[in-house]
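One letter stands for each residue in the lines below.
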Amino acid sequence: MRTAVSELDLRSTASLDDALRILRDERRTPLAGATDLYVGLNFGTLPQRAFLDIWAVDELRGVAERGDALVLGALATYTSLIRSPLVQRRLPMLVEAARQVGGVQIQNRGTIGGNIANGSPAGDSLPVFAAADAVIVLRSADSERRIPITEYYTGYRATVMRPDELIVAIEVPPVEGRQWFRKVGTRAAQAISKIVVAGVRSAKPSVAYGSVAPTVVRVPRTEEALAAGAGIDAAVSVLETEIKPIDDIRSTAEYRLRVATNLLRRFWAETA
Ligand SMILES: Cc1cc2nc3c(=O)[nH]c(=O)nc-3n(C[C@H](O)[C@H](O)[C@H](O)COP(=O)(O)OP(=O)(O)OC[C@H]3O[C@@H](n4cnc5c(N)ncnc54)[C@H](O)[C@@H]3O)c2cc1C
């Protein structure tokens, strides 16, 4: 049953310091673009009743270079990433992923902080950030910590983020090599992925998959096979032992494994 919006307790702020103080002093769920949260409200499956709207916190919105890192504010929307010359130049696989998220309305409201915090293993930006060795910046009223995305998820939709913390930014180190992204879903638009993959072709290739495990995963043994020049058939054999996709309402384990291996072949052929 739908949740009655009138029963919800909503605070909002335009200041990051205020937001962090409120999260320290009150148990509230951050709300950014609300594109994930609203689905839960609509289905009546969301247990939370108190929210903190952070959409107006503009200091979380920017895209910039700091040192040699590309720094993406947590409230950066897919539309802003698609339009950013900096992201186009430094992280084109993220632009590709952003173009394939939802439709234009979702791209205008959905944020990368929300995609990461929501923690769905089908989240389209997650393999991009995993393949790029990105670091999640978490801040509370008292401290800040940086967590590599590969250590951020502890299980299905479970993360190391504390209730008093916000994701404030994602830091992406320089990515050397040719970048590649593919999403396979039921259809091109508005479809959650059955398999999503991002890869970087370099002397030390990196490959990350979504929707093949409870969390986004890197495939280090497959990467090693590729780096060692084992050939794509050998790398595919390694991949078949390295991931164990599951059956669910969106797809079967057998189909996912087949698609995952096909995508590894395409990544290697198209980035040669
Ligand atoms: C029709 C439709 C199509 C979609 N298509 C896709 C798709 O193709 N690919 C895809 O990956 N996703 C898709 N989504 C899911 C969703 O749009 C994305 O996950 C989006 O990035 C979520 O961002 P948001 O700002 O709307 O998050 P919200 O809904 O505001 O929040 C989501 C979760 O993240 C938390 N949160 C948000 N921001 C922060 C922060 N800065 N710090 C800490 N916690 C935070 C919230 O508390 C909540 O738990 C779709 C959703 C819909 C409704």
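Our subject is the structure listed above.
The text that follows walks through the structure, step by step, so that each part is easy to find. Think of each chain on its own: its residues are numbered from 1, step by step along the sequence as written. In keeping with the predicted nature of the model, local features appear solely for residues at pLDDT of at least 70, side-chain atom pairs appear and are counted solely at 80 or more, and the whole-chain, interface and lining totals rest on all residues. Only heavy atoms go into the side-chain values, all of them from the structure, while hydrogens and water stay out.

**Section: the overall build of the protein chain**
Inference 1: Helix and strand definitions follow DSSP, with helices as H or I runs of at least four residues and strands as E runs of at least two, each counted in order from the N terminus. Helix and strand counts for the protein chain come out as twelve helices and 14 strands.
Inference 2: The globule rule used for comparison is 2.2 Å times the number of residues to the exponent 0.38, while the radius of gyration itself is calculated over C-alpha atoms. Its C-alpha radius of gyration of 19 Å places the protein chain within 12% of the 19 Å reference for a compact globule of 272 residues.
Inference 3: Reported as C-alpha extents along the three principal axes, the dimensions of the protein chain are approximately 55 × 45 × 30 Å.
Inference 4: Within the protein chain, buried positions represent 50% of all 272 residues.
Inference 5: Throughout, a contact is declared for two residues whenever any of their heavy atoms are within 4.5 Å. For the protein chain, the share of sequence-separated contacts (at least 6 apart) that also reach a separation of at least 24 residues comes to 59%.
Inference 6: Where accessible areas are quoted, they stem from the Shrake-Rupley method and a 1.4 Å probe; at the residue level, only the protein chains shown are allowed to cover. Looking at the protein chain as shown, the accessible area adds up to about 12900 Å², and 51% of this sits on carbon and sulfur atoms.
Inference 7: Counted charges follow a simple rule, with Lys and Arg positive, Asp and Glu negative, and His plus the chain ends left uncounted. Taken as the charge centre is NZ of Lys, CZ of Arg, CG of Asp or CD of Glu, depending on the residue. On the protein chain, the mean spot of the 34 positive side-chain charges and the mean spot of the 31 negative ones are 5 Å from each other. Three labels apply to residues, based on accessible area from a 1.4 Å probe with only protein chains included: buried if under 20% of the type maximum, exposed if over 50%, partly exposed otherwise in between.

**Considering the sheet that holds strand 2 (residues 29-31)**
Inference 1: Two strands make a pair as long as DSSP finds a minimum of two bridges between them. Taking strand neighbours across the sheet as the criterion, the three strands line up as 1-3-2 in an open arrangement whose pairing is parallel. Looking along the sheet, the strands with just one partner apiece sit at the ends: strand 1 (9-12) and strand 2. Each adjacent strand pair in this sheet contributes to an overall mean axis angle of 30°, direction not counted.
Inference 2: The pairing of strand 1 with strand 3 (residues 50-53) spans four bridges and is classified as parallel. For Leu-10, the partnering residue across the bridge sits in strand 3 and is Phe-51. Note on definitions: angles span 0 to 180 degrees between N-to-C directions of axes, and those axes are lines fitted to C-alpha atoms, for helices only across the stretch in contact.

**Considering unusual backbone geometry**
Inference 1: At Asp-133, a residue that is not glycine, the phi angle is positive and equals roughly 55°.
Inference 2: Mapped onto the elements, Asp-133 comes out in the loop between helix 8 (125-131) and strand 6 (135-139).
Inference 3: Its relative accessible area of 47% is what places Asp-133 among the partly exposed residues.
Inference 4: Phi is positive for Arg-157, close to 55°, though the residue is something other than glycine.
Inference 5: Tracing the sequence through the fold places Arg-157 in the loop between strand 8 (153-155) and strand 9 (158-159).
Inference 6: Looking at Arg-157, the relative accessible area reads 39%, which means it is partly exposed.

**A word on the environment of Glu-7**
Inference 1: Within the fold, Glu-7 resides in the segment before strand 1.
Inference 2: Considered as a pair, Glu-7 and Ala-50 are 43 residues apart in the sequence and their alpha carbons are 9.5 Å apart.

**What to know about the packing of aromatic side chains**
Inference 1: Stacked, tilted and edge-to-face are the three classes applied to pairs of Phe, Tyr and Trp rings, where Trp contributes its six-membered ring and a pair requires centres within 6.5 Å; stacked means planes under 30 degrees apart, edge-to-face means over 60, and tilted covers the rest. One pass over the full model with this rule turns up three aromatic pairs.
Inference 2: Here a set of aromatic residues connected by ring pairs shows up, and it is made of Trp-180, Phe-267 and Trp-268.
Inference 3: A ring has a charge above it when a Lys NZ or an Arg CZ is no more than 6 Å from the ring centre and no more than 35 degrees off the ring normal. Here the guanidinium or amino end of Arg-61 rests over the ring plane of Trp-55, the centre of that ring lying 4.7 Å away.
Inference 4: In this arrangement the basic side chain of Arg-109 is found over the ring face of Trp-55, its NZ or CZ atom lying 4.0 Å from the centre.

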